[in-house]
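Letter by letter, the chains look like this.
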Amino acid sequence: AARCARWVCTAAERRPWRLFGAMCLLRLPRVTQEMEKEEEEVAALMAQVRGEQEKSCYSDHEIRKLEEEEQLKKRKESLYDDDEGSGKTLIMAQDLEDKWEQKLLQFKAAPRITDADKNNNRTSLDRKLDSNLMLLVKQKIGNQELWLLPQVEWQPGETLRSTAERAMATFLGDHVQAKILGNAPYGIYKYKFPKAIRTEDNVGAKVFFFKAFLQSSDLSRAEPKADHLWVTKNELGDYLKSEYLKKVNRFLLDL
Amino acid sequence: MSAVVLCSRNGALLKQVFALSRAATPREDHLCAAGDALLSCHRSYRSRPTHGIGRYKYLLPKETPKKKKDRVQMKEINTGTEYEYGDINIQMTSYDLCLVEHFAQYVHRLCNRLSVRVNESYAMPTRTNEVLFLEERGSKMQLDAVLTTHQRIVQISGLSSTFAPILLEIIQSNQPEGVHLLMKEHTEADFKSRLKSRPELEELLAQMT
């Protein structure tokens, strides 16, 4: 209770910094990344080593297949027995395998490199299915139009996390299903206003970044209010300013 | 044997005694000579100062007798500025056994490296599902495939709220294809699901009441 009282007292003072909450909306990768050459070699080696170490046993299907092969051999060697009859096993394990192989050939997987990749259409979510995509919005700060993570000013009485949620809602509409994992911000970027605007009360601004994960990739109901882009971490450098980029890069996990 | 009778603490006297005993029992002498060079005929009897020289079990901490059913709850309070989660279960399910086991091992080792306390790491019993294929022209269901679902659970505790989202993100980005991940708090129901129910006991109890 004492802590709360102290917080209320300091909020009443005029602080020279303006606070913003920004949202870093991530679309998680849908496909695993392709392995590099060294990784593939290591994986093959490990599979070999593990195969010897773990000493895995044969599965039911494999045991059945081996038994049937032996039965066939015996039948061929010992000339045709009438007692065997039409065979107990109507479907042999080998037939099953052939059937499954045919099914596999018929199955066609979805392409990993989509049309959006070929067109380099940065506003679509289908691009770059194997890496994280982040939302960037064009916002007006002062007199400049800048590409930023969507941010909105903090209003007293609300938590910074709800500020970030509001930022997301203002730029993408209310129907975005995104999950924020914790109440703590991931990063902070503070800057001072240019001397022309600076007053005693308004020295500069602090932007707190929050991270959210996009649950559904269906954004047809979202109404984008401004220009927006979905970019990967490598492409951030094309859009963001260097200082801002440095702080943002600190909390971006790109595996 | 003369050594037994005398039982003296004087070293010199003992040597004399043993010399006498050796002369008296030549068979033993042969045994001693034929055996290992380190084989000695000295034995510490209870009055010797070296009695009990190899004892160590009294130094070990006392073992409490194990009970049949373990303690269930170890919940922590989730309030305050030091926001800490109680027991959390990370459940990984998949059809592929090797994949889910290796992923569970990876998660366990990751928690060890990040000094997150791992309480337990166990497996739930596998469920077998039969996939029946309905023929297009006909009402008979034909057996198409038998799928087994495997589940591994890693239980951690003492996760701080500032670190939890980072850990979750790392695990999520390293999730392999085909593995479902679920993180939830450990409840009594989760604990009970691991135990087998005893229908006969329950029947008898119902009859009694």
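Placed above this text is the structure.
Computed from a prediction, not measured in an experiment: that's the story for all the values here. (Residues numbered from 1 in each chain as written. Chains lettered and ligands numbered in written order. Predicted model: local features only at pLDDT ≥ 70, side-chain atom pairs only at ≥ 80, totals over all residues. Heavy atoms only, no water.)

**Details of the interface of chain A and chain B**
Logical step 1: Across the boundary between the two partners, chain A contributes 18 residues, which contact 15 residues of chain B.
Logical step 2: Linking chain A to chain B there are one salt bridge.
Logical step 3: Salt-bridge contacts for A:Lys211 lead to B:Glu169; the nearest nitrogen and oxygen are separated by 2.7 Å.
Logical step 4: Counting every contact that joins chain A to chain B gives one residue pair in polar contact (both at pLDDT 80 or more).
Logical step 5: Of all the elements in the fold, those that place two or more residues in the side of chain A that touches chain B are α2 (37–54), α4 (93–106) and β7 (204–214) of chain A.
Logical step 6: With three residues, the single largest contributor to the side of chain A that touches chain B is α4(A).
Logical step 7: Here the residues of the side of chain A that touches chain B are counted per class, giving 10 nonpolar, two polar and six charged. (Contact = heavy atoms within 4.5 Å. Salt bridge = Lys/Arg side-chain N within 4 Å of Asp/Glu carboxyl O. Polar contact = N/O pair within 3.5 Å; in protein donor to acceptor, adjacent residues only side chain to side chain. Helix = DSSP H or I, 4+ residues; strand = E, 2+ residues; numbered from the N terminus. Nonpolar A, V, L, I, M, F, W, Y, C, P; charged D, E, K, R; others polar.)

**Looking at the nonpolar core**
Logical step 1: Residues A:Leu136, A:Phe209, A:Leu236, A:Tyr244 and A:Val248 are the most contacted members of the largest nonpolar core, which totals 25 residues.
Logical step 2: Elements represented by at least two residues in this core include exactly β1 (17–27), β2 (133–141), β3 (144–148), β7, β8 (228–231) and α7 (242–250) of chain A.
Logical step 3: The contact partners of A:Leu236, leaving out residues within four places of it in the chain, are A:Met134, A:Leu136, A:Val231, A:Leu245, A:Val248, A:Asn249 and A:Leu252.
Logical step 4: Core analysis: the next-biggest nonpolar cluster, separate from the first, contains 19 residues, B:Met92, B:Ala104, B:Ile170 and B:Ile171 among them. (Core = buried A, V, L, I, M, F, W, Y, C linked by side-chain atoms within 4.5 Å. Buried < 20%, exposed > 50% of the residue type's maximum accessible area, 1.4 Å probe, protein only.)

**Side note on a nonpolar patch on the surface**
Logical step 1: On the surface, B:Tyr56, B:Tyr58, B:Leu59 and B:Leu60 cluster together into a nonpolar patch covering about 470 Å² of accessible area.
Logical step 2: Secondary-structure assignment places B:Tyr58 in the loop between α3 (26–34) and β1 (84–85). (Patch = residues over 30% accessible without salt bridge, like charges linked within 9 Å, V, L, I, M, F, W, Y side chains within 5 Å. Areas by Shrake-Rupley, 256 points an atom, 1.4 Å probe, with all protein chains shown as cover.)

**Some words on the pairing of strand β2 (residues 88–94) of chain B**
All names here are of chain B.
Logical step 1: Counting buried residues in β2 gives seven out of seven residues, a clear majority hidden from the surface.
Logical step 2: Alternating positions in β2 separate into two faces, Ile88, Ile90, Met92 and Ser94 on one and Asn89, Gln91 and Thr93 on the other, with burial throughout.
Logical step 3: Bridge analysis of β2 against strand β6 (residues 179–185) gives seven bridges, and the strand direction is antiparallel. Considered in β6, the bridge of serine 94 is made with valine 179. (Pairing = 2+ DSSP bridges.)

**Quick look at the pattern of salt bridges**
All names here are of chain A.
Logical step 1: Across all of its chains, the model carries nine salt bridges over all chains by this definition.
Logical step 2: Linking arginine 166 and glutamate 158 is a salt bridge whose minimum nitrogen-to-oxygen distance equals 3.1 Å.
Logical step 3: Two residues, glutamate 165 and arginine 161, come together in a salt bridge whose shortest N-O distance is 3.5 Å. Here glutamate 165 pairs with arginine 161, and both are found in helix α6 (residues 160–172), just four residues apart, close to one helical turn.
Logical step 4: Classification of glutamate 165 by relative accessible area gives partly exposed; the value is 34%.

**Structural notes on unusual backbone geometry**
All names here are of chain B.
Logical step 1: At serine 115, a residue that is not glycine, the phi angle is positive and equals roughly 50°.
Logical step 2: Following the sequence through the fold, serine 115 ends up in the loop between α4 (97–113) and β3 (117–134).
Logical step 3: A relative accessible area of 66% means that serine 115 is categorised as exposed.

**With respect to the packing of α4(B) against helix α5 (residues 164–173) of chain B**
The angle between the axes and the distance between the axes are what describe a pair of packed helices.
All names here are of chain B.
Logical step 1: The contact between α4 and α5 brings their axes to 11 Å, and the two run at 150°. Between α4 and α5, the angle is such that the two are roughly antiparallel. For the crossing formed where α4 meets α5, the hand is right-handed. Only Leu167, Ile170 and Ile171 of α5 make contact with α4, whose side of the interface consists of Phe103, Tyr106, Val107 and Leu110. (Axes fitted to C-alpha atoms, helices over the stretch in contact; angles between N-to-C directions. Parallel < 35°, antiparallel > 145°, perpendicular 65-115°, else oblique. Left-handed = near helix turned anticlockwise from the far one by under 90°.)

**Regarding a positive patch on the surface**
Logical step 1: Together, A:Lys190, A:Lys192, A:Lys195, A:Lys247 and A:Arg250 line one region of the surface with positive charge.
Logical step 2: For the positive patch, the elements supplying multiple residues, two or more each, are β6 (187–192) and α7 of chain A. (Lys, Arg positive; Asp, Glu negative; His and termini not counted. Charge placed at Lys NZ, Arg CZ, Asp CG, Glu CD.)

**Topic: the environment of A:Met92**
Residues and elements named next belong to chain A.
Logical step 1: Note on placement: methionine 92 falls in the loop between α3 (60–77) and α4.
Logical step 2: For methionine 92, a relative accessible area of 22% gives the class partly exposed.
Logical step 3: For methionine 92 and glutamate 68, which are 24 residues apart along the polypeptide, the C-alpha to C-alpha distance reads 7.4 Å.

**Remarks on the side chain of A:Arg27**
Logical step 1: The topology assignment puts A:Arg27 in strand β1.
Logical step 2: Contact partners of A:Arg27, with chain neighbours within four places excluded, come to A:Leu125, A:Asp126, A:Arg127, A:Lys128, A:Leu129, A:Ser131, A:Asn132, A:Leu133 and A:Leu214.

**Let's talk about α4(B)**
Given 3.6 residues to a turn, an α-helix orients residues that are three or four positions apart in the same direction.
All names here are of chain B.
Logical step 1: Over its 17 residues, α4 extends 24 Å from the first C-alpha to the last, a length consistent with the 24 Å expected when each residue adds 1.5 Å.
Logical step 2: Of the positions making up α4, those classed as buried are Val100, Phe103, Ala104, Val107, Leu110 and Cys111. In a view along the axis of α4, the buried residues occupy a sector of 125°, so they form one face of it. Looking at α4, the residues exposed on the side facing more than 90 degrees away from the buried face are Arg109 and Arg113.
Logical step 3: In the segment just after α4, serine 115 is the residue with positive phi, at about 50°. (Expected span 1.5 Å × (residues − 1). Arc of directions from axis to C-beta.)

Just geometry here; none of it tells us what the structure is for.
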